[in-house]
There are 2 protein chains.
Amino acid sequence: MAFDPQKLLSAPPIVTRYTLTENKAILYALGVGARELQFVYEDGLKALPTMGVVIGYPGFIWRDPAYGVNWQKILHAEQSTQIFRPLPVKGELRGETRFVALYDKGADKGTLCIVERKIFDEADGALIATANQTTFLRGDGGHGGSEGSPPAPHAIPDRPADKSVTLESSWDQAILYRLSGDLNPLHIDPAVAKAAGFEKPILHGLCSYGIVGRALVQALVDNNPERLTRMDCRFSSPVYPGETLATEIWIEGEGKAAFRTKVVERDLVVLNNGYAEFI
Amino acid sequence: MAFDPQKLLSAPPIVTRYTLTENKAILYALGVGARELQFVYEDGLKALPTMGVVIGYPGFIWRDPAYGVNWQKILHAEQSTQIFRPLPVKGELRGETRFVALYDKGADKGTLCIVERKIFDEADGALIATANQTTFLRGDGGHGGSEGSPPAPHAIPDRPADKSVTLESSWDQAILYRLSGDLNPLHIDPAVAKAAGFEKPILHGLCSYGIVGRALVQALVDNNPERLTRMDCRFSSPVYPGETLATEIWIEGEGKAAFRTKVVERDLVVLNNGYAEFI
């Protein structure tokens, strides 16, 4: 099927039932590099707030020919997660995924697509989180789309950071992370990575996101993951597995912070325009 | 319930349905330290032969009070896996677990319990593997048991090894391995490990077994995992996560080999009396 933004915008939600188990919560934590007992041992287990990005995830939908997307060329551009109730470590959950906006950047650039996922607890029907993903469809511009412009990025203060946290990724980080559901071969297959213009497989943007989420949980909420309630950012450059992520954090008032992350080895900003809320 | 060997011997088999998925096969491979694409990427994925030890595994049964076993004191003593048909990477399988022998070593020593598990493919009913586990119930001797003696260990030749392979474990190896089903807290909880007499959590015997299985696949069958058809050994000493495993291998004729594994850091034999078959 040819790529048709209007068809995506009017499509019904993709409903995904998700049985969350302690095993899955631990696997997610391992995938983003957490090794603290509270994230990897079922006795006293807590969920990382960024786990919202995998709950109810409908899979790597872009590879489905029904969407008509040049899937080898997509890039994850932005992510926003809001938590309304601390994520559980087990239970029956439901994801409802919608294409809420597609901004055409022209045939030579591509289309910016905002995919919203609401996560509900099937036990009581409550909305517990939203996970909004902005994907850049680099091979599919020039087909029109939504009116208006994407939301402006959060500004990073022009002063030294208040806190900083440096965390490592491992060379096999993507191999582990993908078991949480994003099987895009770009993150494991050298041939696919090369065809997409990378020298080797890159880390999932959402894996970097989870690693940086751990940095925020350490710096902002004293390792109490249930107190981090929002995390937004822009993915400005790919991370290779094994690189070190240094996150700078600016407190912006009661329960609000900005953040930005660099790869230490290349002194390159990889997550930018970060915004977090905490209680 | 009090520990009663005769009751275990006459118990019906524990039947365990097991849905094998590519994700599980990959998770097992990661848990035993494999990172080669053929073991961690669904495109061309192959099963490690030692994965038989987790297929249809009924869980850490000893913690169930119904068995009356002092579960904190058990040690995995021996393992034997025989593969009759290359293990698949997905499908519906069934495990049938029986207590086939309990040898009483006296009240001060404990009881050696042989647990046999047959693994069937539900698609055609074929027996595809057996996984026999010998567990030493150190806190439960003096209650009688089976007649006779346990099978003699395989002798290691008194000459230099023909091949050797050295593989590392990672400090978090047990945290990853346990996601394949053996949740015994001895392998993650410092307090439980201390109560059992160890300075810190030890690696699962079956995790070491899987790592050594990789060494055999490299040395004996040129990285073709489907050609390793049997692997037996005795666990002679615990391994701590992060230690390096050096396996010596002796060819004993067409398709047969002996092996023994030492922890390099402590120059200590940890897997002994190893016997492998290959085609």
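Everything that follows concerns the structure shown earlier in this document.
Per chain, the residues get numbers from 1 upward, laid out in the order the sequence is written. Labels follow written order: the first chain is A, the first ligand is 1, and so on. For this predicted model, a pLDDT threshold of at least 70 governs which residues receive local features, and a threshold of 80 or more governs which side-chain atom pairs are given and counted, while totals over whole chains, interfaces and linings are taken from all residues. As a convention, hydrogens and water are excluded, and side-chain values are obtained from all of the structure's heavy atoms.

(A) Representation of the overall build of chain A in the model. Within chain A one finds six helices and ten strands. Here the globule rule is a power law, 2.2 Å times the number of residues to the power 0.38, and the radius of gyration is based on C-alpha atoms. Relative to a compact globule of 279 residues, whose C-alpha radius of gyration would be 19 Å, chain A shows 18 Å and is just as compact. Counting only C-alpha atoms, chain A reaches 50 × 45 × 40 Å along its principal axes. To sort residues, take the accessible area from a 1.4 Å probe on protein chains only and compare it with the maximum for the residue type: under 20% means buried, over 50% means exposed, and anything in between is partly exposed. For chain A, buried positions account for 56% of its 279 residues. Pairs of residues are marked as contacts when any of their non-hydrogen atoms sit within 4.5 Å. Taking the intrachain contacts of chain A between residues at least 6 apart in sequence as the baseline, contacts between residues at least 24 apart amount to 70%. Only carbon and sulfur atoms are counted for the fraction: they give 50% of the accessible area of chain A, which is about 11400 Å². Of note, chain A has its 29 positive side-chain charges centred 2 Å away from the centre of its 34 negative side-chain charges. Secondary structure elements follow DSSP: runs of H or I no shorter than four residues count as helices, runs of E no shorter than two count as strands, and numbering proceeds from the N terminus. Reported accessibility uses the Shrake-Rupley method at a 1.4 Å probe radius. Residues are deemed covered only where the shown protein chains occlude them. His is not counted, nor are the chain ends; Lys and Arg add positive charge and Asp and Glu add negative charge. For this purpose, a charge sits on NZ of Lys, CZ of Arg, CG of Asp or CD of Glu.

(B) Here's a closer look at the nonpolar core. Only buried Ala, Val, Leu, Ile, Met, Phe, Trp, Tyr and Cys residues count toward a nonpolar core, and they belong to the same one when joined by side-chain atoms within 4.5 Å. A:Met51, A:Leu220, B:Met51 and B:Leu220 are the most contacted members of the largest nonpolar core, which has 122 residues in total. Here A:Met51 is in contact with A:Leu20, A:Ala25, A:Tyr28, A:Leu87 and A:Pro88, once residues within four sequence places are set aside.

(C) Structural detail: the interface of chain A and chain B. The partner chain B presents 21 residues to the 21 residues of chain A that form the contact. By the criterion of area lost to chain B, the three top residues of chain A are A:Arg35, A:Tyr41 and A:Leu179, representing 29% of everything that side buries. Basic side-chain nitrogens of Lys or Arg form a salt bridge, by our definition, when they fall within 4 Å of a carboxyl oxygen of Asp or Glu. For the pair chain A and chain B, the number of links is four salt bridges. The residue A:Glu42 makes a salt bridge to B:Arg178 at a minimum N-O spacing of 2.9 Å. Counting only elements with at least two residues in the side of chain A that touches chain B, the list comes to helix H2 (22-31), helix H3 (37-40) and helix H4 (173-177) of chain A. Summed over both partners, buried area is the accessible surface (1.4 Å probe) that two parts give up on being assembled.

(D) View of the pattern of salt bridges. Applying the stated criterion across every chain, the model contains 32 salt bridges over all chains. For B:Arg85, the salt bridge is made with B:Asp124, and the minimal N-O distance between the two is 2.9 Å. Taken together, the residues B:Arg85 in the loop between strand E2 (74-83) and strand E3 (91-104) and B:Asp124 in the loop between strand E4 (111-121) and strand E5 (127-137) connect sequence positions 39 residues apart. Beyond isolated ion pairs, a larger network of salt bridges with shared partners links A:Arg17, A:Arg94, A:Glu96, A:Arg98 and A:Glu122.

(E) Here's a closer look at the sheet that holds strand E7 (residues 228-235) of chain B. Residue and element names in this part refer to chain B. Here, strands pair whenever DSSP counts at least two bridges between them. Pairing in this open sheet of ten strands is antiparallel, and the strands run E1-E3-E4-E5-E2-E7-E10-E9-E8-E6 from one edge to the other. Each having just a single partner strand, strand E1 (14-20) and strand E6 (163-168) make up the two edges of the open sheet. In this sheet, adjacent strand axes meet at a mean angle of 20 degrees when their direction is disregarded. As judged from the ten bridges shared by E4 and E5, these two strands associate in the antiparallel manner. If you follow Leu112 over to E5, its bridge partner there is Phe136. Axis geometry follows a simple rule: fit a line to the C-alpha atoms, using only the stretch in contact for helices, then measure angles between N-to-C directions, giving values from 0 to 180 degrees.

(F) Seen up close, the relation of the copies chain A and chain B. Of the transformation superimposing chain A on chain B, the axial component is 0.0 Å and the angular component is 180 degrees, with the fit at an RMSD of 0.0 Å. In symmetry terms, the pair is related by a two-fold rotation axis. In this assembly, 100% of the residues forming the interface of chain A have copies in chain B that are likewise at the interface, indicating an isologous arrangement. Fitting of the copies onto one another was done by least squares over C-alpha atoms, counting residues only where both copies have pLDDT of at least 70.

(G) Just the sheet that holds strand E3 (residues 91-104) of chain A, in detail. All names here are of chain A. Pairing is antiparallel in the open sheet, where ten strands are placed in the order E1-E3-E4-E5-E2-E7-E10-E9-E8-E6. Of all strands in the sheet, those bounded by a partner on one side alone are strand E1 (14-20) and strand E6 (163-168). Mean inter-strand twist for the sheet, computed between neighbouring axes without regard to direction, equals 20 degrees. Sheet analysis places strand E7 (residues 228-235) next to strand E10 (residues 268-278), joined by six bridges and oriented antiparallel. Residue pairing across strands places Arg234 opposite Asn272, the latter belonging to E10.

The values reported here are purely geometric and, on their own, carry no functional implication.
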